[in-house]
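Listed below are the residues making up each chain.
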Amino acid sequence: DGVGEKVVIQLIEHGLVNDMADIFTLTEEDFLTLPLFKEKRAQNTVRAIQEKMKIPLERLLYALGIPLVGEESALELAHYINSEKIGDKLTFAEIIQVGNQMTVEKLTEIEGFGEKMADEICKWFHDGKNIALLEKFSKVGVQLLSKEGEDQVLKGITFVVTGTLKQMSRDAIKELIRNLGGKVSSSISSRTNYLITGENPGGKLNDAKKHDIPIISEEEFIEIAGLKN
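Presented here is a report on the structure given in the accompanying data block.

Cut-off values and rules
Numbering of residues starts from 1 in every chain and runs along the sequence as written. Where local features are concerned, this predicted model is filtered to residues with pLDDT of at least 70; where side-chain atom pairs are given and counted, the filter is 80 or more; whole-chain, interface and lining totals use all residues. By convention in this description, side-chain values take in all heavy atoms of the structure and omit both hydrogens and water. Here a strand is any run of E in DSSP of at least two residues, a helix any run of H or I of at least four, and the numbering for each starts at the N terminus. Exposure classes here rest on a 1.4 Å probe applied to the protein chains alone. A residue is buried below 20% of its type maximum, exposed above 50%, and partly exposed in between. The contact rule is simple, with two residues in contact once any of their heavy atoms fall within 4.5 Å. Here the accessible surface of atoms and residues is derived via Shrake-Rupley with a 1.4 Å probe, and residues count as covered only by protein chains that are part of the display. Counting rule applied: Lys, Arg positive; Asp, Glu negative; His and chain ends not counted. By convention, the charge on Lys lies at NZ, on Arg at CZ, on Asp at CG and on Glu at CD. Note on aromatic contacts: the rings of Phe and Tyr and the six-membered ring of Trp form a pair at centre separations within 6.5 Å, being stacked when their planes are under 30 degrees apart, edge-to-face when over 60 apart, and tilted otherwise. Take a side-chain nitrogen of Lys or Arg and a carboxyl oxygen of Asp or Glu: if they are within 4 Å of each other, that pair is a salt bridge. Convention used here: a crossover is right-handed provided that the path from the first strand, over the helix, to the second strand proceeds clockwise when the strands point away from the viewer. When DSSP finds two or more bridges between two strands, those strands count as paired. Whenever a helix is involved, its axis is fitted only over the stretch in contact; in every case the axis is a line through C-alpha atoms, and angles between N-to-C directions fall within 0 to 180 degrees. An angle below 35 degrees is treated as roughly parallel, one above 145 as roughly antiparallel, one from 65 to 115 as roughly perpendicular, and anything else as oblique. Here a crossing is taken to be left-handed if its near helix is turned anticlockwise relative to the far helix by less than a right angle, and right-handed if that turn runs clockwise. All amino acids are sorted into three groups, where Ala, Val, Leu, Ile, Met, Phe, Trp, Tyr, Cys and Pro are nonpolar, Asp, Glu, Lys and Arg are charged, and the leftover types, Gly among them, are polar. Note that the arc is defined by the directions from the helix axis to the C-beta atoms.

Thoughts on the overall build of the chain
(1) Moving on: In terms of helices and strands, the chain carries twelve helices and six strands.
(2) Moving on: Each principal axis of the C-alpha atoms in the chain carries an extent, and together these give about 70 × 40 × 25 Å.
(3) Moving on: Looking at the chain as a whole, 41% of its 229 residues are labelled buried.
(4) Moving on: Contacts spanning at least 24 positions in sequence make up 63% of the contacts within the chain whose residues lie at least 6 apart.
(5) Moving on: Surface summary for the chain: the accessible area is close to 12,700 Å², and the carbon and sulfur share equals 49%.
(6) Moving on: Between the averaged position of the 28 positive side-chain charges in the chain and that of its 37 negative side-chain charges there is a distance of 1 Å.

Here you go:
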C-alpha cells in the first residue's frame, strides 16, 4: 500500500532502488526526499512495506515476472518447490537449490506445464542475476510463507491419479497430496511411487503395470495419508 507505479518511478529516478529487494531497505528519510511525501505518509508507507516482509511463496513467484508464469502456474510452481525442498523450513536458499536442479523434463510433469513454460522457468532459475536477487531478498530480511500443510506425511512421494473417484474429485485429491508434501505427476514414470485409480482408469493403469508401480484405490490412499478415522 502506498507504493504504486508513480512512486516506484520516483524511487528509481532518485536512485533509491535498483531492484525489487531494495524496496525492503527503504526508510522514512528516503521517502521524505520524494515529492509530495510528508512525515505521516512516509511513516505509513514504510509500515506497509514492513508488513510485506513475510510473503507467500506463490505471491513472490508471480511477482518475479518469470515469463509465462501467471497466478495459477505460480501456485503450482510453489507446490513443486515445497515438495522438492530438503529442509523443513522454506528459505531462499532452499528455493535456489531446488531451482538449480530444475529441468524441463521435471517441470513438464506438473499438471498444465508445457515445454515452453518449463523452459522459461529453468532459464530464470539458472540466471546468475536472478539468483543474486533471491539471495538479496534473504539478506534484507524477507521471509517466505508456505500454504503447505504442516503435516508433511507424503513428503517425497509421487502420485499419479486416474479414473473417476468416489469420495473426492481428482483436483481435490491432487491438492490434498501437495498440501501433505507429496508430488503429483500427469504421467507414469520410474519416479512414480503410486497410481491412485478410480473407475475407468484408462491407459495409465497399463503403464503402471509395465513399470511395476503400486496401484492403489482411493480408500488405500486415504489410509496411507493417515486420514482414515
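We are not done yet, so read on.
Let's talk about the side chain of Lys174
(1) Moving on: With respect to the helices, strands and loops of the structure, Lys174 is situated in helix H10 (residues 170-179).
(2) Moving on: Discounting residues that sit within four places of it in the chain, Lys174 has contacts with Glu111, Val161 and Val184.

Quick look at the packing of aromatic side chains
(1) Moving on: The full count for this structure, using the stated rule, is six aromatic pairs.
(2) Moving on: On the numbers, 5.8 Å between centres and 10 degrees between planes, the contact of Phe92 with Phe137 is stacked. Here Phe92 is found in helix H6 (residues 92-100), whereas its partner Phe137 is found in helix H9 (residues 128-139), with 45 residues between them in sequence.
(3) Moving on: Residue classification places Phe92 among the buried positions, given a relative accessible area of 3%.

Structural notes on the pattern of salt bridges
(1) Moving on: In the structure shown here, the tally under the stated rule is six salt bridges.
(2) Moving on: As a salt-bridge pair, Lys136 and Asp22 come within 2.6 Å of each other at their nearest N and O atoms. Pair noted here: Lys136 is in helix H9 and Asp22 is in the loop between helix H1 (5-13) and helix H2 (28-32), with a separation of 114 residues, a long-range link.
(3) Moving on: The partly exposed category is assigned to Lys136, whose relative accessible area is 26%.
(4) Moving on: The residue Lys129 makes a salt bridge to Asp127 at a minimum N-O spacing of 3.6 Å.

Overview of the pairing of strand S3 (residues 158-162)
(1) Moving on: With respect to burial, S3 is a largely interior element, five of its five residues being buried.
(2) Moving on: Of the two faces of S3, the one carrying Thr158, Val160 and Thr162 and the one carrying Phe159 and Val161 are both buried.
(3) Moving on: In terms of handedness, the path from S3 via H10 over to strand S4 (residues 183-185) forms a crossover that is right-handed.
(4) Moving on: Where S3 meets strand S5 (residues 194-197), four bridges bridge the pair, whose relative direction is parallel. In the strand pairing of S5, Phe159 is matched with Tyr194.

Regarding the packing of H6 against H9
(1) Moving on: Put simply, H6 and H9 touch, their axes get as near as 9 Å, and they point 165 degrees apart. By the angle between their axes, H6 is roughly antiparallel relative to H9. Like other packed secondary-structure pairs, H6 and H9 cross with a definite hand, here right-handed. Contact residues: Phe92, Ile95 and Ile96 in H6; Ile131, Leu134, Glu135, Phe137 and Ser138 in H9.
(2) Moving on: Here the contact of H6 with H9 is built from residues that sort into six nonpolar, one polar and one charged.

Quick notes on helix H8 (residues 115-125)
(1) Moving on: Considered for burial, the residues of H8 that qualify are Met117, Ala118, Ile121, Cys122, Trp124 and Phe125. Projection of H8 onto a plane perpendicular to its axis shows the buried side chains occupying an angular sector of 160 degrees, all on one side. In H8, the exposed positions that point more than 90 degrees away from the buried face belong to Glu115, Lys116 and Lys123.
(2) Moving on: Here the buried face of H8 lies against helix H4 (57-63), helix H5 (71-84), H6, helix H7 (104-107) and H9.

Focus on the sheet that holds S4
(1) Moving on: Strand order in this open sheet of four strands is S4-S3-S5-S6, and the pairing throughout is parallel. A single partner strand is all that each edge strand has here, and the edge strands are S4 and strand S6 (215-217). Between one strand axis and the next, the sheet turns by 35 degrees as a mean value, whatever way the strands run.
(2) Moving on: One ladder, built from three bridges, connects S5 with S6; its direction is parallel. Residue pairing in the sheet places Ile196 in a bridge with Ile216 of S6.

Quick look at the environment of Lys174
(1) Moving on: The exposure class assigned to Lys174 is buried, which follows from its relative accessible area of 9%.
(2) Moving on: Distance in space between the C-alpha atoms of Lys174 and Ser190 is 19 Å, their sequence separation being 16 residues.

The analysis is restricted to geometry; functional conclusions fall outside its scope.
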